[in-house]
Amino acid sequence: LETSQLKTTAKTSSYDRTDWQRGYESQRQESDYWIDEIEGEIPPDLQGTFFRNGPGLLDINGEQIHHPFDGDGMICAIAISDGRAHFRNRFIHTEGYLAEKTAGKILHRGVFGTQKPGGWLSNIFDLKIKNIANTNIIYWGDKLLALWEAAAPYRLDPSTLETIGLDTLDGILQPGEAFAAHPRIEKGKNGAGDRLINFSVKPGLSSVITIYELDESGKLLQKHAHAIPGFAFLHDMVITPNYCIFFQNPVSFNPIPFVLGMRSAAQCIQFSPNKPTQAILIPRNGTDQVKILETEPCFVFHHCNAWEEDGEVFVDSVCYESFPNVEPDGDFREIDFDSIPAGELWRFKLNLQAETVEDQVVETRCCEFPTLHPNNVGQPYRYLYIGAADSPTGNAPLQAILKFDFLTGERQLWSAAPRGFAGEPVFVARPDAVAEDDGWLLVLMYDAANHRSTLVILDARDIAKGPVARLHLKYHIPYGLHGSFTSN
Ligand code: 3ON
Ligand code: FE
């Protein structure tokens, strides 16, 4: 019986692998045009620029990048005003990107598996890290910044996307200090300005987490550093009014194969299924003691949100059963989705007095890239939006957007299967809106039928009715990572 069920699943796959793979072709073309192929209508009160970052190159002159997280950052900017939209994409001119473009070959090892050609002898003792600036893009303190978690940001010109250069945030970052790719923005209450809270991790046998809080103009309000036990791989952070919260994944790190040129740094990370995951709560005042609570082992890249309620702290996260090994051989385009765990939505309740954590599975459908209304970041919230697989079971590429109503328990799904592939939704509130879901979701999708990408605009109140507008680009944009929206 089980075999025949498996066969049925395989037959009813919601996508074609060749379609999915083509979304990982490099895009070398840098374009600049008004989008003239629009289905539906751009809401007239949607005004501003959608910025998105992600790997633009999956090969250097034909030599394959081993893992998509190693691809050079390329920014897309879609500026929307008065019902019209303008598209532009440009590579970030990092030092490494420019050097490899000139050389026409891979000159750097990548964190997730890319090696210089020539085997281990060409890679041994090369511990340099190439800042590829490919993970997020934010506009803050009058600066457009491309972020990557292991290095300082690159600043770009927001209207031309030209690279200005590495940025220390006016001296906030010391030489060599990083500024992670997952800042959180806390909305100012009672006339106070918004704050940007971010972090950096200095990895090692014991790790140091530094917290930064910046005001709206980019001035430093807080900076404090904390040593935590063990090697840390911390991609994301959530905030509440009193805490910055991290989940320390149960992993161990053996750098020897990396040093010897046999494996990349991320390939030396081993998931430890018998160690607990640790919730690390760093008080935002910078003085109170760090709290560490233990929970069941799981692996987290992204958190959705966190908040404080009746003396307890809640954290919603996308959890994986383990961290899949990134193998040195093989091609990421050929991965067997069924053999690696899918992201699931979990809710954690942290009791700081009793030092206990309760967890609850909210959704087992494969999902990734959560987002919510910016006003509710760090606060209780009702609606969550997330990229999801078309099928309710199994691991698969993201092809849909899922909306949760935590008050009623209602769920809504809009799927672009079989030939559409989704990325991260970005929520934009409608001006003067009152309801938490009164706004739009902007999603850059890959449309395999036409080998191009489309910016989809969904009405967040009712995503199931399908997009209110589809803005078709002329070319495809490889699957990306994170983005943001800036009103202008
Ligand atoms: O050696 C240490 C270990 C390590 C891994 C220290 C370190 C700081 C150099 C380090 C570096 C970490 C980096 C650079 C992480 C970058 C992560 C990145 C670019 C992306 C992560 C994406 C996560 C997810 C879940 C993406 C999902 C994508 C899809 C569902 C497909 O579209
Ligand atoms: Fe991320």
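Residues numbered from 1 in each chain as written. Chains lettered and ligands numbered in written order. Predicted model: local features only at pLDDT ≥ 70, side-chain atom pairs only at ≥ 80, totals over all residues. Heavy atoms only, no water.

Enquirer: Can you walk me through the site of ligand 1 in this structure?
Expert: The local shell around ligand 1 holds 22 residues, among which F69, T135, W148, E149 and E368 are the closest. Only β22 (299–309) and β26 (367–371) provide two or more residues apiece to the shell around ligand 1. Of the residues contributing to the shell around ligand 1, the split by class is 16 nonpolar, four polar and two charged. (Near = heavy atom within 4 Å. Helix = DSSP H or I, 4+ residues; strand = E, 2+ residues; numbered from the N terminus. Nonpolar A, V, L, I, M, F, W, Y, C, P; charged D, E, K, R; others polar.)

Enquirer: So what exactly am I meant to see when it comes to the nonpolar core here?
Expert: Nonpolar side chains tend toward joint burial in soluble globular proteins. Counting 41 residues, the largest nonpolar core has F199, I211 and F246 as its most contacted members. Broken down by element, the residue count for this core peaks at four residues, all from β22. Ignoring sequence-local partners within four residues, the contact set of I211 consists of I197, N198, F199, Q222, K223, H224, M237, C244, F246 and I282. I42, F50, M74 and A469 belong to the second largest nonpolar core, which has 29 residues in total. (Core = buried A, V, L, I, M, F, W, Y, C linked by side-chain atoms within 4.5 Å. Buried < 20%, exposed > 50% of the residue type's maximum accessible area, 1.4 Å probe, protein only. Contact = heavy atoms within 4.5 Å.)

Enquirer: When you look at the coordination of the iron ion (ligand 2) in this model, what are you seeing that I'm missing?
Expert: The protein atoms donating to the iron ion (ligand 2) are H182 (NE2), H235 (NE2), H302 (NE2) and H482 (NE2), with metal-donor distances spanning 2.0 to 2.1 Å. H235 sits in the buried class, given a relative accessible area of 11%. (Donors = N, O, S within 2.8 Å, 3.2 Å for Na, K, Ca; no water.)

Enquirer: Can you help me understand the sheet that holds strand β11 (residues 163–166) in this one?
Expert: Strand-to-strand pairing in sheets goes through backbone hydrogen bonds, with the strands running parallel or antiparallel. Strand order in this open sheet of four strands is β8-β9-β10-β11, and the pairing throughout is antiparallel. Two strands lie at the open edges of the sheet, namely β8 (136–140) and β11, each paired on one side alone. The mean inter-strand angle of the sheet, taken between neighbouring strand axes irrespective of direction, is 30 degrees. Here β8 runs beside strand β9 (residues 143–147); their pairing, made up of five bridges, is antiparallel. Residue N136 lies in a different strand from β9, and its bridge partner there is L147. (Pairing = 2+ DSSP bridges. Axes fitted to C-alpha atoms, helices over the stretch in contact; angles between N-to-C directions.)

Enquirer: Is there a simple way to think about the sheet that holds strand β20 (residues 277–283) in this case?
Expert: In space, the four strands of this open sheet follow the order β16-β17-β20-β21, with antiparallel pairing throughout. Two strands bound the open sheet, and with one partner strand each, they are β16 (238–239) and β21 (291–295). For strand β17 (residues 243–248) and β20, the ladder comprises six bridges, and the chain directions are antiparallel. If you follow F247 over to β20, its bridge partner there is A279.

Enquirer: Help me understand the side chain of E213, please; the structure alone is not making it clear to me.
Expert: Within the secondary structure layout, E213 lies in strand β14 (residues 206–214). At 2.6 Å, the side chain of E213 forms a polar contact with the side chain of R195. Side chain to side chain, E213 and R284 meet in a polar contact 2.8 Å long. Those residues in contact with E213, other than ones at most four positions away along the chain, are R195, L196, I197, K219, L220, L221, Q222 and R284. (Polar contact = N/O pair within 3.5 Å; in protein donor to acceptor, adjacent residues only side chain to side chain.)

Enquirer: Would you mind showing me how to read the packing of aromatic side chains here?
Expert: Two descriptors summarise a pair of aromatic rings, namely the distance from one centre to the other and the angle between the planes of the rings. For the structure on display, the rule yields 31 aromatic pairs. Centre to centre, the rings of W20 and Y24 are 5.6 Å apart; their planes meet at 90 degrees, and the pair counts as edge-to-face. The two residues W20 and Y24 agree in class, both being buried. Taken together through their ring pairs, the aromatic side chains of Y15, W20, Y24, F332, F337, F421, Y446 and Y479 make up a single cluster. Over the face of the ring belonging to W34 we find R84, whose NZ or CZ atom lies 3.9 Å from the ring centre. (Phe/Tyr/Trp six-rings, centres within 6.5 Å; stacked < 30°, edge-to-face > 60°. Lys NZ or Arg CZ within 6 Å of the ring centre and 35° of its normal.)

Enquirer: Sorry if this is basic, but what is going on with the environment of T454 here?
Expert: Along the polypeptide, T454 turns up in strand β33 (residues 452–459). A relative accessible area of 5% means that T454 is categorised as buried. C-alpha of T454 to C-alpha of G420: the two residues are 34 residues apart in sequence and 9.3 Å apart in space. At 3.0 Å, the side chain of T454 forms a polar contact with the side chain of H472.

Enquirer: Help me out: how do you make sense of the pattern of salt bridges in this one?
Expert: A side chain of one charge can pair with a side chain of the opposite charge when the charged atoms of the two come close. Enumeration according to the criterion identifies 28 salt bridges in this entry. Between D194 and K187 there is a salt bridge, with the nearest N and O atoms lying 3.0 Å from each other. A residue is classified by how much of its surface remains accessible, and K187, at 29% relative accessible area, is partly exposed. In this structure, D459 engages R461 in a salt bridge whose closest nitrogen and oxygen atoms are separated by 3.2 Å. Here the salt bridges do not stand alone but share partners, grouping R430, D438, D459, R461 and K465 into one network. (Salt bridge = Lys/Arg side-chain N within 4 Å of Asp/Glu carboxyl O.)

Enquirer: How should the side chain of Q412 be read in this particular structure?
Expert: Structurally, Q412 is set in strand β29 (residues 411–415). Q412 gets classed as buried once you look at its relative accessible area, which sits at 15%. Of note is the side chain of Q412, whose polar atom sits 3.0 Å from the side chain of D462. What Q412 contacts, discounting residues up to four positions off in sequence, is I401, L402, K403, R461, D462, I463 and A464.

Enquirer: Help me understand the environment of P43, please; the structure alone is not making it clear to me.
Expert: Here P43 lies in the loop between β2 (37–40) and β3 (48–55). For P43, a relative accessible area of 10% translates into the label buried. Distance from P43 to D82, taken between C-alpha atoms, is 8.4 Å for residues 39 residues apart in sequence. Once residues lying within four places of it in the same chain are set aside, the contact partners of P43 are W440, I457 and V468.

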